[in-house]
Amino acid sequence: MMDRSADASGVLAGSDVGSQKERVVTEEEWLQKWEMGNIGFHKEQGHPLLQKYLHVLLNGRSGLRIFFPLCGKAVEMKWLADMGHSVVGVEVSEQALKEFFAEHSLPYCEEPVPGISGAKKLQSTSGNISLYCCSIYDLSSSIVGKFDGVWDRGALVAVNPCDRQRYVSLMITLMEKNSSYLLVTVSYDPNKHKDGPAHWGPMAGQVLPTVLCS
Ligand code: SAH
């Protein structure tokens with residue numbers, strides 16, 4: 001399913017496509033973005049496409065385990081938790097996760113993650129929001145379990161092109177059989193950009209996400 005109702009602000013300029021493919025943003029650079037407050041990707045309002053396609057994510061189910069890859073401090077985590085779902089996120093920036101709990105006035109506790117050295121799990125005291133502070137590539141289903149749903153906004157599109165296959169393979173292992181995957185991505189004219197739809201190409205045909213274009 002494709003939704004093009006949102007604006008096209010995320011569409012890449014043609015000249016960017018070639019260099020974009022080689023571009024690597026390091027974890028250190030992400031941490032710096034958070035430190036400097038260069039977080040234009042963070043939105044204070046819940047994403048309109050999540051509201052619009054919530055029924056697709058839930059598919060009539062309640063009490064889901066929902067995964068937020070590369071979660072930042074996405075406000076939708078609180079929103080879904082308040083609806084009775086259990087939310088798990090992963091994010092390299094501890095600052096982002098602490099800001100999430102602070103901005104929603106949610107008490108939380110921290111604990112190390114067995115099996116991932118240096119990683120921490122920040123969990124709301126109520127227990128329904130667990131945020132892992134580590135690289136997503138450190139996770140596995142034996143550590144975080146499997147999920148009934150995934151909200152992928154600003155995640156696959158933020159993954160370095162050279163890591164896309166690894167990301168997709170991991171996501172597949174984290175999904176329950178009937179899970180729903182909502183992917184917010186960008187779209188552009190393949191006639192103008194012969195590389196094809198690089199931002200979601202690796203997903204196509206593998207997990208059949210619901211692709212929402214913004
Ligand atoms: N999904 C969020 C944030 C998108 S920006 C939102 O909708 O607001 C991408 C986020 O991924 C940044 O916060 C960055 O710090 C984090 N990140 C980048 N590489 C990562 C990795 N390998 N593992 C976990 N988080 C990562």
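Cut-off values and rules
Residues numbered from 1 in each chain as written. Predicted model: local features only at pLDDT ≥ 70, side-chain atom pairs only at ≥ 80, totals over all residues. Heavy atoms only, no water. Helix = DSSP H or I, 4+ residues; strand = E, 2+ residues; numbered from the N terminus. Buried < 20%, exposed > 50% of the residue type's maximum accessible area, 1.4 Å probe, protein only. Contact = heavy atoms within 4.5 Å. Core = buried A, V, L, I, M, F, W, Y, C linked by side-chain atoms within 4.5 Å. Salt bridge = Lys/Arg side-chain N within 4 Å of Asp/Glu carboxyl O. Near = heavy atom within 4 Å. Polar contact = N/O pair within 3.5 Å; in protein donor to acceptor, adjacent residues only side chain to side chain. Nonpolar A, V, L, I, M, F, W, Y, C, P; charged D, E, K, R; others polar. Disulfide = S-S within 2.5 Å.

Student: What's the story with the overall build of the protein chain in this structure? I'm lost.
Tutor: Along the protein chain, the regular secondary structure elements total seven helices and nine strands. With 214 residues in all, the protein chain has 45% of them scored as buried. In the protein chain, 68% of the contacts between residues at least 6 apart in sequence involve partners at least 24 apart.

Student: Is there a simple way to think about the nonpolar core in this case?
Tutor: The nonpolar side chains of a soluble globular protein tend to be buried, and buried together. Formed by 27 residues in total, the largest nonpolar core has its most connected members in F68, M77, L80, I129 and L131. Looking at this core, the elements with two or more residues in it are α3 (48-58), β2 (65-68), α4 (76-82), α5 (94-103), β6 (129-133) and β8 (175-185). If one sorts the elements of this core by residue count, α3 sits on top with seven residues. Not counting chain neighbours up to four residues away, the residues in contact with L131 comprise C71, M77, G89, L97, F100, F101, K120, K121 and L122. Judged by nonpolar contacts, the second largest core, of 25 residues, contains F67, Y167, L170 and Y181.

Student: How should the pattern of salt bridges be read in this particular structure?
Tutor: Side chains carrying opposite charge are able to pair once their charged atoms draw close together. Tallied over the entire structure, the rule returns eight salt bridges. Salt-bridge contacts for E99 lead to K73; the nearest nitrogen and oxygen are separated by 2.9 Å. Highlighted residues: E99 in helix α5 and K73 in the loop between β2 and α4, separated in sequence by 26 residues. With a shortest N-O distance of 3.4 Å, R166 and D163 are connected by a salt bridge. Ionic contacts of the salt-bridge type, sharing partners, join the residues E94, K98, E110 and K120 into one network.

Student: What is the right way to look at the site of the ligand in this model?
Tutor: Of all residues adjacent to the ligand, which total 15 residues, the nearest are W34, L70, E91, I136 and R153. With respect to the ligand, the backbone of L70 contributes an N or O atom lying 2.8 Å from a nitrogen atom. In the model, a nitrogen atom of the ligand is placed 3.2 Å from a nitrogen or oxygen of the V92 main chain. Among the elements that make up the shell around the ligand, the one with the highest residue count is helix α2 (residues 27-36) (three residues). Residue classes in the shell around the ligand are distributed as nine nonpolar, three polar and three charged.

Student: I'm lost on the side chain of S135 in this one. Help?
Tutor: One can find S135 in the loop between β6 and α6 (141-144). On the basis of relative accessibility, which here comes to 9%, the residue S135 falls in the buried class.

Student: What is the right way to read the environment of S169 from this model?
Tutor: Inspection of the secondary structure puts S169 in helix α7 (residues 164-173). A polar side-chain atom of S169 sits 2.8 Å from the main-chain carbonyl oxygen of Q165.

Student: Before we go on, may I ask you to explain α3 in this structure?
Tutor: Residue pairs three or four apart in sequence face the same way in an α-helix, which turns once every 3.6 residues. Where α3 is concerned, the buried positions are L49, L50, Y53, L54, V56, L57 and L58. Looking one or two residues beyond α3, the residue adopting positive phi is N59, at roughly 50 degrees.

Student: For this particular structure, what's the right way to read the state of the cysteines?
Tutor: What is meant by a disulfide is a covalent connection between two cysteines, made through their sulfur atoms. The tally for this structure, following the rule as stated, stands at zero disulfides. No disulfide involves C71; its sulfur sits 9.1 Å from that of C133, the nearest cysteine. Judged by relative accessible area, C71 falls into the buried class, the value being 6%.

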